[in-house]
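What the coordinates show
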Amino acid sequence: MDQVLQPLLRSLETGSVYALAALGIIIVWRTSLVMHFAQGSMGMFSGTAVAYVLNHWGLPLWQAVLVGVVVAIALGFLVDFAVIRRLKRATAVGKEIITLGLIMVFLGAAPIIFGTDPMLLPKFIPSGDVSLGGANLSYNGILNISVGVLIALGLFFVLQKTKIGLAIRATASSDQTARLMGIPTRRVTLMSWALAGVLGMLAAVMIAPTVTVTPTFMNTVQVAALFACVLGGFQTFYGPVIGAYLIAVAANFLKLYVSSVWGEQLMYLLILVFLLFRPNGLIGKTYLQKV
Amino acid sequence: MTTATPARTAAPTKGLASRLLHNAHAQFLVFGLLLCLLPSLGSALGLKASTLQTLGFVLIYSIAALGLNLLLGYSGLVSLGTSGFMGLGAYLAAYLQDDLGLGFWCGVLAAVVIPTVVGLLVGVVSLRIRGIYLAIVTLCVSEILLKTFEQLEWFTKGTAGKQSHYPSLFGFQTGRASMFVVCAVALVLVMMLTHNTVHGQLGRALHAMRSSEVAARAMGVNILKYKLFAFALATAYAGLAGALYLFFLKSSYPSTWNLFLSLNVIAMVVVGGLRSIFGTVAGAFIIFAVPELVLKKLPVIGDVSGLPYIFSGILIILVIMFFPQGMKGVADLVRRPFQRRPASGKGAPA
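Residues numbered from 1 in each chain as written. Chains lettered and ligands numbered in written order. Predicted model: local features only at pLDDT ≥ 70, side-chain atom pairs only at ≥ 80, totals over all residues. Heavy atoms only, no water.

All right, on to the confidence of the model for chain B then. Residue and element names in this part refer to chain B. Confidence in the prediction of chain B, expressed as mean pLDDT, is 80, and 85% of residues score 70 or more. Within chain B, the element-level pLDDT minimum falls on helix 1 (residues 5–9), averaging 46, and the maximum on helix 12 (residues 223–249), averaging 90. A low-confidence stretch, residues 1–11 (pLDDT under 50), is modelled with 21 contacts involving residues beyond four sequence positions or located in other chains. Segment residues 341–350 is flagged for pLDDT under 50; beyond a separation of four residues in sequence, or across chains, it makes one contact in the model. (pLDDT = per-residue confidence, 0-100. Helix = DSSP H or I, 4+ residues; strand = E, 2+ residues; numbered from the N terminus. Contact = heavy atoms within 4.5 Å.)

Right, here's the structure in full:
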């Protein structure tokens, strides 16, 4: 039993990280139709800011995370103000390439601003385990899982039940019609970029204790989050979250029972095969194009 | 790739010299000839060996960028797997030439064919779905290939790096200068092939696809086939560029073939200008050579390690925001005041 439960709990932890990053990607995709390839590197940048504040200014972790939230929001505002909202005429590919350019800017800027030494970011709750039916889960793991699940649920609640959520959904379904209806779509887009930044930062802070904080530490998260969106489908907000947890579980079990080196790679190949049969993802609707 | 339009529509009364000047193939040949003279001229003029090396890499990256330009410029698709396919080409070339002793040509052939086959498989899966997926899937393929380069020790020597040596061609042992010439010749051939591709029947289909996919499909253009073709050509060029990279540098490390290289190649295409052949070479020069030759020599900021990334990243963003046509757009902007009269042969039957 514990041979199934233990890796399952472990994967829920990474799944939460992927889910947060994927939520950022899908919110940006739905509101401004930009494939957000820089989600990982923006998360990396603000996550590195958290580690820097912690290691060099000596602030406690929760205050450092608050600083990280401010940095992430500022970055999201900056990107939308300076670049994205001036791109109304650019093609979809142009916008995609812009986010690729952003990756390079953030990866180049992080070592210049925060120094080239790799840093460590401690766990929120340093020690302590719970025994659950023969499997162990650390308190920090419980915290990570619940942060991921609660944020996802909170976001779904806001999207479905509040006026702001309605504005976001309206913008997502048609930017132009939403503007005609008096929805401040610019503000919605601005907010979604800031929100994506904060979600990326949280993902970075959650994954950081298991790795060292270097400019590339979010690369796996970025790939996994993109694939979570592909697997879950780009048409709903909850699809990518389901996709993220599925990816984490599948990767963990393949690593454990098939190959510790090639498990993750095998999982991506399986997703590709799956997409051959369900091109729009798990919860995708058929994509129609008007002439 | 629009450079040939004047040649086609030029009035027949014009002199041979001006016609040659406007002929795209003649332009490529002159450009290649100048490049081939560079090593010998350079040593006479005191060109540093390291500068020659940098320029050689510009030629190699230009080849990869030309393939991506075809893909991005005509099908509007982005591949993030360029570095992975280049790396695959490099390791295949090294394996066939040095480990199996099959020589230069077999190495290059394998470096072109095998990545193309892998690319076709990837393309068949991802292009059937939606264009946007190609970027994600190639990103993933690139990560898988990178992992393979690190793990598959019998093939790549892992992180220790694969060592190779200059190949012998037609019984002639090459060195750095002659490898530079080989790269220049390869680049000119690739430029000609690209030019012919986009001006043939294939090119018309690609053009139709670019202006409206739905309309092109209605006219009987098989979109999937041509997108797949553009992607296959891009991977073939990347494989060739990888093989040349290996023979030029004589070694290959897994860390070379990371995401940045792919992003840099995209930057070369964007900065150089979509669908412009000479622009792509200029873009490769700006993105690769300018940081190497100029930025690193600057007094204070020259030592900063992340500077080339920021340079390419900001250039990409600025170019897309203000000069969607890249270097070609900038060149037209500069040229416009001197070209008052409209193109004369525009209405003439071709």
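Turning next to the packing of helix 4 (residues 49–75) of chain B against helix 14 (residues 277–293) of chain B. Residues and elements named next belong to chain B. At their nearest, the axes of helix 4 and helix 14 sit 8 Å apart, and the two run at 140 degrees to each other. Classified by the interaxial angle, the pair formed by helix 4 and helix 14 is oblique. In the crossing of helix 4 with helix 14, the sense of the turn from one axis to the other is right-handed. Listed contacts from helix 14 to T51, T54, L55, F57, V58, Y61, S62, A65, L66 and N69 of helix 4 are I277, T280, V281, A284, F285, F288, A289, E292 and L293. (Axes fitted to C-alpha atoms, helices over the stretch in contact; angles between N-to-C directions. Parallel < 35°, antiparallel > 145°, perpendicular 65-115°, else oblique. Left-handed = near helix turned anticlockwise from the far one by under 90°.)

At L33 of chain A, a position not held by glycine, the phi torsion is positive, near 50 degrees. Within the fold, L33 of chain A resides in the loop between helix 1 (2–32) and helix 2 (39–57). In this model, R275 of chain B sits at a positive phi of 65 degrees, which is unusual for a non-glycine residue. Positionally, R275 of chain B belongs in the loop between helix 13 (259–272) and helix 14.

Contacts between the two partners involve 38 residues from chain B and, on the opposite side, 41 residues from chain A. Taken together, both faces of the contact between chain B and chain A bury some 3,800 Å²; the carbon and sulfur share is 83%. Summed over the shared surface of chain B and chain A, the result is zero salt bridges. In this assembly, chain B and chain A are joined by zero residue pairs in polar contact (both at pLDDT 80 or more). Going through the elements one at a time, helix 7 (131–151), helix 13 and helix 15 (307–322) of chain B are the ones with two or more residues in the side of chain B that touches chain A. For the side of chain B that touches chain A, the leading source of residues is helix 7 of chain B, giving twelve residues. Tallied by class, residues from the side of chain B that touches chain A come to 26 nonpolar, eight polar and four charged. (Buried area = accessible area lost by both parts, 1.4 Å probe. Salt bridge = Lys/Arg side-chain N within 4 Å of Asp/Glu carboxyl O. Polar contact = N/O pair within 3.5 Å; in protein donor to acceptor, adjacent residues only side chain to side chain. Nonpolar A, V, L, I, M, F, W, Y, C, P; charged D, E, K, R; others polar.)

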